[in-house]
Amino acid sequence: MSKKVFLETVGCQMNVLDSELVAATLRKAGYQLVADPKQADVILFNTCSVRQHAEDKIYSALGQLRRHKQRHPHKIIGVLGCMAQKDQELIRQRAPHVDIICGPGQLGKLLYLLEEVERTRQPQLAVSLGRADAHRPEVERSFESYDPLREPELRTNRFQAYVRTQFGCDKFCTYCIVPSVRGPEQSRHPDEIVAEVRFLADQGCKEVTLVGQTVNSYHYRFGDGRMVRLSDLLYRLHDIPGIRRIKFITNFPRDMTDDLLQAVRDLPKVCRYLHVPAQSGCDIILRRMKRMYTVAFYRDMLARCRETIPGVAISSDFIVGFCGETEESFQRTCDLVAHAGFKNSYIFKYSPRPGTKAFELYPDDVPEEVKRRRNNDLLAIQAKVSLADHRRFIGETVEILVEGPSKWAYKLSNQTGHDARQPSDWLQLTGRTSTDHIVVFDGPKNLIGEFVQVFIEDASPYTLFGRLSSPVLADNGEKTKQGMLLEPITLLGSRGHENSAEQPNPAYEDRESSFSNGSRSLYQRRLSLPIVQDQA
Ligand code: SAM
Ligand code: SF4
């Protein structure tokens, strides 16, 4: 009988991707994915260390499993990812019932670690070298690449996929733990990335999102000195048949080069959407954060993006309450947000991270209630800007890739038991434009995974509301005009459900109160695999 594994993921898109790959490896080895940890023989947490909150969640989940493990000593509990690398043995001190601690650079060893625990009943630790433990090449090698073949069943949907371009980060922003836990920045060989995207396209994938901590710093240098930049990679990926959209996240402001902007402008499949975190609107704070740019530089960069790529949508990240942030510094951030025209911003309260320069050098001197107030104030400013940005679309027809039922449709189906079972059943759907704007409309289920035209009738700060204006597919696959052949089972009117509309998959659950817009977020989402229950 196959062993059952439960895998829970906290964190950014890197972790979502790592979990997909771990799940694929385990399935190949005969494991069955289950949704309930109590049913599982192996319980794994893929963890995040970017903020304290994310770690607290995991320690609390581990605490809840202590009694369960006492009653079922043969069950294996594992902590994977950034917390494993950061806390290492500390995890076993705080949660002695943990059997496996496996850093993000060691995920390729997970099967071996599981076998070792079964064979020896001894705890296993696999972590990479610390940045100061050895010379760079040795540290780099200790973060092993982990990109096994992709399985469409393990993604939220088969028509969208993340693709890794880099591991690690070399920027060392003073507040950030990522360079320590994910190691030195290493770009993947471009041929490997192209092959992976081809493979995904053959599986029916239409949209790929390239992911790297600073994706626009991507550069692969060959032995003969030739270099492949992100712009070069985009040209190569653009030629792959089947791929209709290419996105890339997250960008570092200083590495937003003209060749990259021109590639975005000139390649129709590359989405006109740039996520470029600013973090603060105050030069003093930016210097303390060691972001290596000034506000004036950032504003010029925004102007360059908009000049080169007409219609580009730009989003950002901000940290409020960083060490030494005065009311005046914060006001400068408010000014930037009020005038920069971001589509949306992800706003985080500063969380001191042991192991970072800021933790070592500066006291965490902004009280929690001040952080919370600044967080809310900045959210309110961004909401106004986002509303203006979204309202521009009213009266226009946009092309969207339909991602799935809206969060509202999920909620309604849970409450009423109504389930859109037939492909032609109508429900509230959600998708995104190529500028990453979320669109909600009513349509038949068989549009999921399709590109459709939607006429925009209304807007909230976070969502566009519209109606289908393109032909839709009938059950028999024939194209038909909306409402002619299909019997619409409209679950709801679109307007009035704006806050519930944005999350396309119930497996995602935002855990951070400081989200900019409640949309399916880049950060801090919690993904409980299986996305699909494995019946094997
Ligand atoms: N590499 C990306 C970049 O440079 O923008 C982002 C990676 S980081 C995991 C995601 C976001 O988390 C950052 O943009 C920052 O706003 C936030 N973040 C990182 N460290 C933080 C900390 N110690 N406290 C609060 N927010 C933090
Ligand atoms: Fe962290 Fe800065 Fe690297 Fe982004 S660029 S991962 S914020 S150190």
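The preceding data block contains the structure.
Being a predicted model, the structure only gives us computed values, none of them experimental. (Residues numbered from 1 in each chain as written. Chains lettered and ligands numbered in written order. Predicted model: local features only at pLDDT ≥ 70, side-chain atom pairs only at ≥ 80, totals over all residues. Heavy atoms only, no water.)

Trainee: In this structure, what is going on with the pairing of strand β19 (residues 438-444)? I would like to understand it.
Mentor: By the criterion of burial, β19 is predominantly enclosed, with seven of the seven residues buried. The hairpin turn running from strand β18 (residues 426-432) into β19, its antiparallel successor, is five residues long, and D436 in that turn takes a positive phi close to 75 degrees. One ladder, built from two bridges, connects β19 with strand β21 (residues 464-468); its direction is parallel. Within the sheet, the bridge partner assigned to V439 lies in β21 and is L464. (Buried < 20%, exposed > 50% of the residue type's maximum accessible area, 1.4 Å probe, protein only. Helix = DSSP H or I, 4+ residues; strand = E, 2+ residues; numbered from the N terminus. Pairing = 2+ DSSP bridges.)

Trainee: Mind showing me how you'd approach the sheet that holds strand β16 (residues 345-349) here?
Mentor: Strands pair in a sheet through their backbones, by hydrogen bonds, and they do so in one of two ways: parallel or antiparallel. Here three strands make up an open sheet; going across it, the order is β14-β15-β16 and the pairing parallel. Unpaired on one side and paired on the other, β14 (273-275) and β16 mark the two borders of the sheet. Sheet twist, expressed as the mean angle between neighbouring strand axes with direction ignored, is 10 degrees. Pairing of β14 with strand β15 (residues 313-320), which is carried by three bridges, proceeds in the parallel orientation. The residue bridging H275 from the neighbouring strand is S315, located in β15. (Axes fitted to C-alpha atoms, helices over the stretch in contact; angles between N-to-C directions.)

Trainee: Just checking my understanding: could you explain the site of ligand 2 for this structure?
Mentor: C169, K171, F172, C173, Y175, C176, V178, P179, Q213, T214 and R291 make up every residue found near ligand 2. In terms of residue class, the shell around ligand 2 is built from seven nonpolar, two polar and two charged. (Near = heavy atom within 4 Å. Nonpolar A, V, L, I, M, F, W, Y, C, P; charged D, E, K, R; others polar.)

Trainee: Would you mind going over the nonpolar core with me for this structure?
Mentor: The nonpolar side chains of a soluble globular protein tend to be buried, and buried together. Ranked by size, the top nonpolar core spans 54 residues in total, and within it L210, L230, L234, L237, F248, L274 and Y298 carry the most contacts. Here L230 is in contact with L210, V215, N216, Y218, F248 and L260, once residues within four sequence places are set aside. Grouped together as the second largest cluster of nonpolar side chains are 32 residues, L7, V42, V117 and I249 included. (Core = buried A, V, L, I, M, F, W, Y, C linked by side-chain atoms within 4.5 Å. Contact = heavy atoms within 4.5 Å.)

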